[in-house]
Amino acid sequence: MDMKHFLNTADWSRDALQAMIDDARAMKSARFGDDLKNKTVALLFLNNSLRTRTSFDVGAQELGGHAVVLSPSGGMWPLEFEDGVVMDGDAEEHVKEAAKVLSRYCDMIGIRAFPKFLDWQEDRKDKILNAFAKYADVPVINMETITHPCQEMAHVMALQEHFEKAGRGGLDGKKFVLTWTYHPKPLNTAVANSALMIAAKFGMKPTLLCPTEDFVLDDRYVEQACKDAGANGHGVTITHEIKEAYEDADVVYAKSWGAIPFFGNWEPEKGIRDRFKNFIVDENKMALTNDALVSHCLPMRRNVKMTDAVFDSPNCIAYDEAENRLHVQKAIMKALVG
Ligand code: CP
């Protein structure tokens, strides 16, 4: 079976991703079609969601298809993801059977499975997503695990729309700042990993701003970004200096994440993160930029990660990015099975 999954944008060429974004932009103008007629997507949510769940379900319907939302807390059997284990714990069903059976009913399977936040060396294997990709007989879509490729696509689409509208050209050569922000809890690094990689892939000059060395992202994603930025003639800057990062930025992307060296031992990490509430995206920092577009994947704690004044300013494209999840996921589903 000639089948391709949508697990990470690193698996796809920039041209292939751009083709999906172009298709998404066309569908933003003409929303309804029959490209997914008689197609069904199973959406498996092991974690909460507002945008992803709604946009995939609505997107499938708008193209004549159907979505089935599954959640272990909502009636599904608890699943086992390890191979070769004696299943005498809580899990009633192995992913092998779940993936194979869902493949008999559905044409695609979407997976949301966040890290367990106990051991990064385990979480970085992305076992649940990879198990579905291994055992399913239909394309699998990453709806956020340790990366969030659908969010990346919606972000790039929103940047292209806004820079074009403002007569500021394409993304190549734009300074892209991914800034860590304070949050009371250690969050997933998925969106941060994704933001860094997609900025590099689409020709921007990525800067990673974080309070200390502890908050630098996993080497896998920094190295992928360095590779793609290098191919476009750029480097990746990692800095802990707010002013240096914001100066002349064309894009500011805000996200909070937990420091990887403290995975499973979060108490000392809290002591560090609590010292850096000043990383909030505010008007003074934005004044240092080149009239930068600013965004966040949402959900976002206002006046913790970003001030109301910045979030509600014309430079903030977060609502467009959120809307674009709908359009770009339709394009992804079409590209996989349409
Ligand atoms: N950005 C995003 O994935 O939103 P949800 O967690 O609400 O799906």
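Computed from a predicted structure; not experimentally measured.

With that settled, consider the site of the ligand. Around the ligand, a shell composed of S49, L50, R51, T52, R112, E144, H148, Q151, C297, L298 and R325 is seen. In the environment of the ligand, an oxygen atom lies 2.6 Å from a nitrogen or oxygen atom belonging to the side chain of T52. Measuring from an oxygen atom of the ligand, one finds a side-chain N or O atom of H148 at 2.8 Å. Taken by itself the ligand offers 250 Å² of open surface, and the protein chains cover 94% of this. Here the shell around the ligand is composed, by residue class, of three nonpolar, four polar and four charged. Taken domain by domain, the shell around the ligand gets at least three of its residues from each of domain 1 (9–147 + 325–337) and domain 2 (151–322).

At a minimum axis separation of 9 Å, helix α6 (residues 149–165) and helix α7 (residues 190–201) run at an interaxial angle of 45°. For the element pair α6 / α7, the angle class is oblique. The element α6 and its partner α7 pack so that their crossing is right-handed. Residues P149, E152 and V156 of α6 lie in contact with α7, whose contacting residues are S194, M197 and I198. For the contact of α6 with α7, a count of residues per class yields four nonpolar, one polar and one charged.

That bond from L298 to P299 is cis: its omega, 5°, falls within 30 degrees of zero. Even without being a glycine, N38 presents a positive backbone phi close to 65°. When you line up the elements, N38 lands in the loop between α1 (14–29) and β1 (40–45). Of note in this structure, E144 is not a glycine but carries a positive phi near 110°. With respect to the helices and strands, E144 occurs in the loop between β6 (140–142) and α6. Here E144 falls in the buried class, since its relative accessible area comes to 8%.

The two faces of the sheet receive side chains in turn, since in a regular strand these alternate between them. A large share of β1 lies buried, amounting to six of its six residues. Side chains of β1 alternate between two faces, with T40, A42 and L44 and V41, L43 and F45 buried alike. With helix α2 (residues 51–62) bridging β1 and the parallel strand β2 (residues 66–70), this β-α-β connection has right-handed handedness. Where β1 and strand β5 (residues 108–112) come together, five bridges link them in parallel fashion. The residue bridging F45 from the neighbouring strand is R112, located in β5.

Time to look at the sheet that holds strand β9 (residues 237–239). Sheet strands pair by backbone hydrogen bonding; their relative direction is either parallel or antiparallel. If you walk across this open sheet you meet the five strands as β9-β8-β7-β10-β11, and the pairing is parallel. This sheet does not close on itself; its edge strands, each paired only once, are β9 and β11 (293–295). Neighbour-to-neighbour, the strand axes of the sheet open up by a mean angle of 20°, direction not taken into account. Pairing geometry for strand β7 (residues 175–180) and strand β10 (residues 251–255), over five bridges, is parallel. When the bridges of β10 are listed, V177 appears paired with V252. Across the sheet, α6 touches β7, β10 and β11, and the angle it forms with β10 is around 150°.

For the protein chain, the assigned domains read domain 1 (9–147 + 325–337) and domain 2 (151–322). Placing a centre on the C-alpha atoms of domain 1 and another on those of domain 2 gives a separation of 25 Å. With 30 residues of domain 1 at the contact, the number on the domain 2 side is 37 residues. Taken together, both faces of the contact between domain 1 and domain 2 bury some 2,900 Å²; the carbon and sulfur share is 56%.

Between α2 and helix α13 (residues 318–337), the shortest axis-to-axis distance is 9 Å and the interhelical angle comes to 50°. It follows from the interaxial angle that α2 and α13 lie oblique. Our pair here, α2 against α13, has a crossing hand that is right-handed. Along its contact with α2, which presents R51, T52, S55, F56, V58, G59, A60 and E62, the element α13 presents A322, R325, L326, Q329, K330 and M333. Tallied by class, the residues present in the contact of α2 with α13 amount to six nonpolar, four polar and four charged.

Structurally, the position occupied by D218 is in the loop between β8 (205–209) and α8 (219–231). Here D218 falls in the buried class, since its relative accessible area comes to 7%. Sequence separation of D218 and T189 is 29 residues, and the distance between their C-alpha atoms is 8.7 Å. Look past the residues within four positions of D218 in its chain and what remains in contact with it is W120, R124 and I260. Side chain to side chain, D218 and W120 meet in a polar contact 2.6 Å long.

Rules of the game
Residues numbered from 1 in each chain as written. Predicted model: local features only at pLDDT ≥ 70, side-chain atom pairs only at ≥ 80, totals over all residues. Heavy atoms only, no water. Near = heavy atom within 4 Å. Polar contact = N/O pair within 3.5 Å; in protein donor to acceptor, adjacent residues only side chain to side chain. Areas by Shrake-Rupley, 256 points an atom, 1.4 Å probe, with all protein chains shown as cover. Nonpolar A, V, L, I, M, F, W, Y, C, P; charged D, E, K, R; others polar. Domains from an automatic or database assignment. Axes fitted to C-alpha atoms, helices over the stretch in contact; angles between N-to-C directions. Helix = DSSP H or I, 4+ residues; strand = E, 2+ residues; numbered from the N terminus. Parallel < 35°, antiparallel > 145°, perpendicular 65-115°, else oblique. Left-handed = near helix turned anticlockwise from the far one by under 90°. Contact = heavy atoms within 4.5 Å. Buried < 20%, exposed > 50% of the residue type's maximum accessible area, 1.4 Å probe, protein only. Right-handed = clockwise from strand over helix to strand, strands pointing away. Pairing = 2+ DSSP bridges. Buried area = accessible area lost by both parts, 1.4 Å probe.

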